[in-house]
Amino acid sequence: MKSVEAAPRALGRAMSAGVPAVLTAALLAVLAPAGAGCRRSEAPASPGAATAAATPEAPKEPLEPSAPQIRESPAPDRAPWAGLKEPRDAAVDSRGRVWIADFGNARLRVFDGNGGYLGGLGNRGNGNYELRDPCAVAIRGDEVYVADTWNGRVQSYSITGEWKATAAGLFGPRGVAAAPDGKVWVTDTGNNRLAVYDRALANPEMIGKAGSGPAEFQGPVGIAADASGAVYVADMRNKRIEVLGSDGKFRRSIPVAGWDGTPEPHLEVGDAGQIYVSDPNAAKVLEIDAGGRVGRSWTADDTGRPFSRPTGLAIDRKLKVLYVVDAANNTVSKVSVEAAKKP
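These notes cover the structure that comes with them. (Residues numbered from 1 in each chain as written. Predicted model: local features only at pLDDT ≥ 70, side-chain atom pairs only at ≥ 80, totals over all residues. Heavy atoms only, no water.)

**Concerning the packing of aromatic side chains**
Tallied over the full model, the rule gives 5 aromatic pairs. Both rings, one in Trp 81 and one in Phe 111, keep their centres 5.1 Å apart while their planes meet at 50°; by these two values the pair is tilted. Pair noted here: Trp 81 is in the loop between strand 1 (69-70) and strand 2 (89-92) and Phe 111 is in strand 4 (residues 107-111), with a separation of 30 residues, a long-range link. Like Trp 81, the residue Phe 111 is buried in the burial classification. Judged by centre distance (6.0 Å) and plane angle (35°), the ring pair of Tyr 129 and Tyr 157 falls under tilted. Taken together, the positions of Tyr 129 in the loop between strand 5 (117-122) and strand 6 (136-140) and Tyr 157 in strand 8 (residues 153-158) put the pair 28 residues apart, joining distant regions of the chain. Clustering of aromatic rings is evident, with ring pairs tying together Trp 81, Phe 111, Tyr 117 and Tyr 323. (Phe/Tyr/Trp six-rings, centres within 6.5 Å; stacked < 30°, edge-to-face > 60°. Helix = DSSP H or I, 4+ residues; strand = E, 2+ residues; numbered from the N terminus. Buried < 20%, exposed > 50% of the residue type's maximum accessible area, 1.4 Å probe, protein only.)

**Quick word on the sheet that holds strand 4**
Overall, antiparallel pairing links the 5 strands, which are arranged 1-5-4-3-2 in an open sheet. Looking at the sheet topology across the chains shown, the edges are occupied by strand 1 and strand 2. Where strand 1 meets strand 5, 2 bridges bridge the pair, whose relative direction is antiparallel. For Ile 70, the partnering residue across the bridge sits in strand 5 and is Gly 119. (Pairing = 2+ DSSP bridges.)

**Remarks on the sheet that holds strand 9 (residues 163-167)**
As summarised here, the arrangement of the 4 strands in space is 6-7-8-9, forming an open sheet in which the pairing is antiparallel. The open sheet has two edge strands, strand 6 and strand 9, and neither has a second partner. The sheet shows a mean angle of 20° between the axes of neighbouring strands, direction not considered. Two strands pair when backbone bridges link them, and strand 6 and strand 7 (residues 143-148) are joined in this way by 5 bridges, in the antiparallel orientation. Bridge assignment links Ile 139 to a residue of strand 7, and that residue is Val 144. (Axes fitted to C-alpha atoms, helices over the stretch in contact; angles between N-to-C directions.)

**Brief notes about the layout of surface pockets**
Once rolled over the atoms, a probe with the size of a water molecule shows which space is left empty. Here the largest pocket is characterised by a volume of approximately 710 Å³. As for the largest pocket, its lining consists of 34 residues, and the residues nearest its centre are Val 92, Ile 139, Glu 268, Ile 315 and Arg 317. It is strand 6 that provides the largest number of residues to the lining of the largest pocket, a total of 5 residues. Partitioning the lining of the largest pocket into residue classes produces 19 nonpolar, 5 polar and 10 charged. (1 Å grid on protein atoms, 1.4 Å probe; cavity = no way out; pocket = protein on both sides within 12 Å on 5 of 7 lines; lining within 4 Å. Points joined across faces, edges and corners; volume = space filled by probe spheres on them. Nonpolar A, V, L, I, M, F, W, Y, C, P; charged D, E, K, R; others polar.)

This is the structure we're talking about:
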């Protein structure tokens, strides 16, 4: 990834070469500092690194294999949700296991509902079992889909971790949803549009373009599908949720207060049509009803631990639990979303 200092030079070359403004803006987005959104994690060398090299280093934990290793029981002597680095999103499978897009480690990790480590797959690279800063994961039946963000693609695996297919040619995809009808929806964030595939990640269709009108997007990130196949998109820079039908046609938009800067919000849709929305920069999670009204909101999990930068959301529909991925705390929290009982 280019250094911050290289961005002005790259921008100048683009403008002098007559590159259109929209492409110039996209160039700036890619060259922005690592802290501004779902960027590659490349830390500069710290001062005194040469001196430190002369001192014997503590043994490092061996690199985990890229190929899938998924356990039946949690690894012993490992703290709940341990080992995550800037996690971005989550999904729950039919067994109640929680799959995490572990952005900073370039891995897809699997935990039980209490955070017990069950393994995973990945490591940095571009092979079938390698990832580069994944930002989202979705599950439908036995299919697992991963937004392999800085490889510019979506990968699919079986629930046992076997690689199945790849769809490439995207620009920094940050969200993925698997709909009941078999369609796989992806936010092609850098291109300000949606990519739609069949279950096998074939037969792509592109929907939308840059803008603020119906079915137009500015930095789409999170995406979710409800039981009817309708699709909800976190249209980040337009500060709204766009709702599309299963056919991709615009239905309505819901304004969202907040989402300042580059927050990378994600979405989930409850069984009653309520929309759960993360607001990372405000360190909270919102519940929005079908009419667009904000109901409950959370700034901490059920244990009272405050959120710091909540991004990804995943519902366990059987347990009525919302898992909240906190990219700043490197952990996952639980919030009960069971409807409050009337007196």
